[in-house]
Amino acid sequence: GQSLEQPSEVTAVEGAIVQINCTYQTSGFYGLSWYQQHDGGAPTFLSYNALDGLEETGRFSSFLSRSDSYGYLLLQELQMKDSASYFCAVATGFQKLVFGTGTRLLVSP
Amino acid sequence: DTEVTQTPKHLVMGMTNKKSLKCEQHMGHRAMYWYKQKAKKPPELMFVYSYEKLSINESVPSRFSPECPNSSLLNLHLHALQPEDSALYLCASSQDNGASDTQYFGPGTRLTVL
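Bear in mind that the values here come from a model prediction, so they are computed numbers and not experimental data. (Residues numbered from 1 in each chain as written. Chains lettered and ligands numbered in written order. Predicted model: local features only at pLDDT ≥ 70, side-chain atom pairs only at ≥ 80, totals over all residues. Heavy atoms only, no water.)

> Looking at this structure, I do not really get the state of the cysteines. What am I missing?
By definition, a disulfide is the covalent link that joins the sulfur atoms of two cysteine residues. Residue and element names in this part refer to chain B. As enumerated under the stated definition, the model contains 2 disulfides over all chains in all. Not engaged in a disulfide, the cysteine Cys68 finds its nearest cysteine sulfur in Cys23; these two sulfurs lie 9.2 Å apart. With relative accessibility at 12%, the residue Cys68 sits in the buried group. (Disulfide = S-S within 2.5 Å. Buried < 20%, exposed > 50% of the residue type's maximum accessible area, 1.4 Å probe, protein only.)

Given below as C-alpha cells:
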C-alpha cells in the first residue's frame, strides 16, 4: 500500500517560519512534490525534489531525504495569503502521483 | 497560458441523471488526468490519458466514463451516480515527459448527487 503522512494542522503568525513534514512509504519513488490548495481552489504546484537536499524557490524551500523516506516544506516570512492546505505527493511511477494526507496551515496576524 | 479550465463549476444531479464534466488545456500537454477529492482529503487519481489514449484506470466504477476527444479536451461522463460520489472533481494536465512531470490542475467541478 501507499502511505504519506503529514500533520493535520499547523498554526503560525505572520512573519514566522513554519515547517510541514511528510513521511512516506510507497511502492515506487521517483520524486516528492508539494502542492498548495486554497479552500475551493485548485492544487498549485510549489516544488519538486528528486534528489536528496534542499531546493529553494523564493520564500518556499523543500527538502528530501530518500534514505529516511522524509521530506519537508519550509515556508518563510509567512503571509496571511499562505493560509491554505499543503499536500506532499510522491511520483510512484510514470503519470502516477499519490498525495499525502494534507496539512492545513493557519496564519494569524 | 498555464491554465486548465473546467466546466461547470458546480453541478447538482439526481441518481438517474446523465451529465458530463469538461476540461480543457492549451499548454500543448499530452497527458490529462481526472482526480476525485472529498472534503478535507487529498486528491485521488481516477484516470489518465496519454496522447489521447487511456493509460491508467484506477479501478473506477463504470458509472464514470472518461473520454479524450483530442489532445486539449477531456470529458468525464456521469451516469447513475450515488450520493457518495459527491466530491470535487479535478482535472490536470502535464507534458508527459516522465515521472518528474509537473501536473497543472484546474479549479474543479463541485458535484452534488442527490
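> Even after reading the chapter, I still don't get the sheet that holds strand β8 (residues 73–79) of chain B, so can you show me in this structure?
Residue and element names in this part refer to chain B. Here 4 strands make up an open sheet; going across it, the order is β1-β3-β8-β7 and the pairing antiparallel. Each having just a single partner strand, β1 (4–7) and β7 (64–70) make up the two edges of the open sheet. Averaged over all adjacent pairs, the angle separating strand axes in this sheet is 20°, with direction ignored. Sheet topology places strand β3 (residues 18–25) next to β8; 7 bridges connect them, and they run antiparallel. Looking at β8, one finds that Lys22 is bridged to Asn75. (Pairing = 2+ DSSP bridges. Helix = DSSP H or I, 4+ residues; strand = E, 2+ residues; numbered from the N terminus. Axes fitted to C-alpha atoms, helices over the stretch in contact; angles between N-to-C directions.)

> Help me understand the packing of aromatic side chains, please; the structure alone is not making it clear to me.
Between two aromatic rings, the relevant description is the distance of the centres plus the angle of the planes. Inspection of the entire model under this criterion finds 13 aromatic pairs over all chains. Here Phe87 of chain A and Phe99 of chain A contribute two aromatic rings whose centre-to-centre distance is 6.3 Å and whose plane-to-plane angle is 85°, an arrangement assigned as edge-to-face. With Phe87 of chain A in strand β9 (residues 84–93) and Phe99 of chain A in strand β10 (residues 96–99), this pair connects stretches of sequence that are 12 residues apart. For the pair Phe87 of chain A and Phe99 of chain A, one class covers both residues: buried. With a centroid separation of 5.8 Å and an interplanar angle of 35°, the aromatic rings of Phe64 of chain B and Tyr89 of chain B are classed as tilted. Of this pair, Phe64 of chain B sits in strand β7 while Tyr89 of chain B sits in strand β9 (residues 87–94), and the two are 25 residues apart along the sequence. Both residues of the pair, Phe64 of chain B and Tyr89 of chain B, belong to the buried class. Taken together, the ring pairs connect Tyr35, Phe45, Phe87 and Phe99 of chain A together with Tyr33, Tyr35 and Phe105 of chain B into an aromatic cluster. (Phe/Tyr/Trp six-rings, centres within 6.5 Å; stacked < 30°, edge-to-face > 60°.)

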